[in-house]
Amino acid sequence: MIELLKRHSFSATFLVLFLSFVFFFGGDGEEIQQLNGFTMGTSYQVQIVDMPDAISAEDLAADISDLLGELDTGIFSTYASNSELSRFNRHGVNVPFIASSRMIEVLLLAQEVAALSGGAFDVTVGPLVNLWGFGPDLGVFETVPRQSQIDTALNRVGFQYLRISPSSQEIRKTRDIYVDLSAIAKGYAVDQLAEYLDGVGVDNYFLEIGGELKIKGSKPGADGWVPAIETPLDEGSQVYQIFYSRGDNIAVAGSGDYRNYFEEDGQRYSHEIDPRNGRPVTHRLAAAYVIDDSVARADALATTYMVLGPEAAAALAERQNQAVYFIYKSESDGFEDFISDEFEYYLGNN
Ligand code: ADP
Ligand code: MG
């Protein structure tokens, strides 16, 4: 869960040649094979207990790196000008665009979460993300924009301006919108990685991209894996709370206001933006962690809860019977937790 790096955009292509698994002992004298790299502006980590026989470690590493490269610069990146998403963002209004099945799948999920959240989660938030300085636009600085600029950007925001036709694989915008999938693509990439590893017969793994996790089986000598929630402070990673996967196949994602933000006149402006008023959220929810079946959905919902704020987030989590761990800033400098019963289960190990 611990995020190792701040969001950056950099090319990982030169790293590809050097990617390989290294092993360490994970308990009971058994090896864990680990692969690390960079994708989607952040780091990734793959830990595998049972390496498959049918494929060499080199080929496995190359496949993983190819898959992530395709998902990042090939499809979902707004930093890569030739990605499918960047091409769609430049595409004309009302002109059909043939999309990949992965793009359609992610947009349909984004649509579902937009509806579920009453518009708090909205991937057409891109013009606002860029305006507040959190997007790929060079020369846009992290500073509070004028209300007139916010209004202009808000005019280009709204999921209803995006039409998805799964049967014909077409997507179409009815206004000059700009789609930003940063709150869902990392999670989706972890799901795809998991699907690939399931396919080659790996049964015990721990996968992570920028803090979004998929966990299956257990590590050697244990009943599961032991992920950690980090303290929501921008002071390097510190463990706030560990939990136990207990052998379950789980997806976990977290969002917070403490990594990607700027401050002006004593006010913190973070990269979670409320598409309903065009402004970064300013409540006392510091971080939201979510367990779900798919990492893509957990990722989108973690952002959703952050945008909704303490009360509405707790209400939605309850309605969904979701395993959530929310960390609030308390009146006196520290933190307070809200832990749903479903999450409570993963705090114990027996
Ligand atoms: P992280 O990237 O650290 O995991 P999130 O998953 O919460 O954090 O994603 C935050 C990113 O999502 C922002 O940088 C922005 O690009 C995008 N975003 C911000 N607000 C929203 C929103 N209301 N709905 C959808 N995406 C959003
Ligand atoms: Mg996320």
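Residues numbered from 1 in each chain as written. Chains lettered and ligands numbered in written order. Predicted model: local features only at pLDDT ≥ 70, side-chain atom pairs only at ≥ 80, totals over all residues. Heavy atoms only, no water.

> Hey, could you go over the packing of aromatic side chains for me, with residue numbers and the actual values?
Enumeration according to the criterion identifies 14 aromatic pairs in this entry. On the basis of an interplanar angle of 25° and a centroid distance of 5.2 Å, the ring pair of Phe-262 and Tyr-269 is categorised as stacked. The pair Phe-262 / Tyr-269 is uniform in exposure class, with both members buried. Within the aromatic cluster, the residues linked to one another by ring pairs are Tyr-240, Phe-243, Tyr-325, Phe-335 and Phe-343. The ring of Tyr-345 carries Arg-246 above its face, with NZ or CZ at 3.9 Å from the centroid. A cation sits over an aromatic face here: Arg-268 above Tyr-261, 3.9 Å from the ring centre. (Phe/Tyr/Trp six-rings, centres within 6.5 Å; stacked < 30°, edge-to-face > 60°. Buried < 20%, exposed > 50% of the residue type's maximum accessible area, 1.4 Å probe, protein only. Lys NZ or Arg CZ within 6 Å of the ring centre and 35° of its normal.)

> Before we move on, can you summarise the pairing of strand β12 (residues 261-264) with the specific residues and values?
Bridge analysis of β12 against strand β13 (residues 267-270) gives four bridges, and the strand direction is antiparallel. From the neighbouring strand, Phe-262 faces β13, where its bridge partner is Tyr-269. Taken together, β12 and the strand that follows it, β13, pair antiparallel across an intervening segment of two residues, in which Asp-265 is found at a positive phi of about 50°. (Pairing = 2+ DSSP bridges. Helix = DSSP H or I, 4+ residues; strand = E, 2+ residues; numbered from the N terminus.)

> Now, about the sheet that holds strand β6 (residues 170-173): what can you tell me, with residues and values included?
Taken in spatial order, the three strands make up an open sheet running β4-β6-β5, and their pairing is antiparallel. With one partner strand each, in any of the chains shown, β4 (97-98) and β5 (162-165) form the two edges of the open sheet. Pairing geometry for β5 and β6, over four bridges, is antiparallel. For Ile-164, the partnering residue across the bridge sits in β6 and is Ile-171. Where helix α3 (residues 101-116) meets the sheet, it contacts β5 and β6, and its direction lies at approximately 125° from that of β5. (Contact = heavy atoms within 4.5 Å. Axes fitted to C-alpha atoms, helices over the stretch in contact; angles between N-to-C directions.)

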